[in-house]
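Structure at a glance
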There are 2 protein chains.
Amino acid sequence: MRARVIIVPRPEVLDPQGRAVAHALSGLGFAGVRDVRVGRIVYLTLEDGLGRAEAAREVDRMAKELLANLIVEDFTVEWID
Amino acid sequence: MRARVIIVPRPEVLDPQGRAVAHALSGLGFAGVRDVRVGRIVYLTLEDGLGRAEAAREVDRMAKELLANLIVEDFTVEWID
């Protein structure tokens, strides 16, 4: 079973990495970029023994306890298989 | 128009960040994790003037010239709207 957890800065939080990428793209001549936000993506391969519902609870806990900083970041979980 | 570029370490490349996350998850008591890979995700908001085909070419160039390091990383582009 594989999931991916997408972690992004909350909309109201400054994203210096996104600003830096936007600035660099502009410097390279890419003119049509209005906004850039940079986040992390974590691919998790889980043991097959777990049911999907239990696995979903586990991944949710992993995100909250380790992967994301909920003060400044949001996360979403997507299942790949 | 919004796209997201997902950048991940190539399968044959060591991913120390993924290793560190796997180790930390194990230390927190999460037992069912077989593998972890950590990548970046870049959300790009583009000016509406571009057509989708031209925008796709632009984003592909952004990924190759700046966002991804193709020696050790792969990227995929997903369109959100």
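Above this note sits the structure.
Summary of the structure given here. (Residues numbered from 1 in each chain as written. Chains lettered and ligands numbered in written order. Predicted model: local features only at pLDDT ≥ 70, side-chain atom pairs only at ≥ 80, totals over all residues. Heavy atoms only, no water.)

Some words on the relation of the copies chain A and chain B
Once chain A has been moved 0.0 Å along the axis and rotated by 180°, it coincides with chain B to within an RMSD of 0.0 Å. Classification of the inter-copy transformation places it as that of a two-fold axis. Taking the C-alpha atom as reference, chain A places R40 of chain A closest to the rotation axis, 2.2 Å from it. In this assembly the copies share their binding face: 100% of the residues contributing to the interface of chain A also contribute to that of chain B. (Least-squares fit on C-alpha atoms with pLDDT ≥ 70 in both. Contact = heavy atoms within 4.5 Å.)

Description of the interface of chain A and chain B
Counting residues at the interface gives 33 residues for chain A and 33 residues for chain B. Viewed at the interface, chain B and chain A are joined by 4 salt bridges. With a shortest N-O distance of 3.0 Å, R4 of chain B and E78 of chain A are connected by a salt bridge. At the junction of chain A with chain B, the criterion picks out 12 residue pairs in polar contact (both at pLDDT 80 or more). At the level of elements, β1 (2-9), α1 (16-27), β2 (33-46) and α2 (52-67) of chain A are the ones that each hand at least two residues to the side of chain A that touches chain B. For the side of chain A that touches chain B, the per-class residue count stands at 18 nonpolar, 4 polar and 11 charged. Bridge count for β2 of chain A against strand β2 (residues 33-46) of chain B is 13 bridges, and the pairing is antiparallel. The residue bridging V36 of chain A from the neighbouring strand is L44 of chain B, located in β2 of chain B. (Salt bridge = Lys/Arg side-chain N within 4 Å of Asp/Glu carboxyl O. Polar contact = N/O pair within 3.5 Å; in protein donor to acceptor, adjacent residues only side chain to side chain. Helix = DSSP H or I, 4+ residues; strand = E, 2+ residues; numbered from the N terminus. Nonpolar A, V, L, I, M, F, W, Y, C, P; charged D, E, K, R; others polar. Pairing = 2+ DSSP bridges.)

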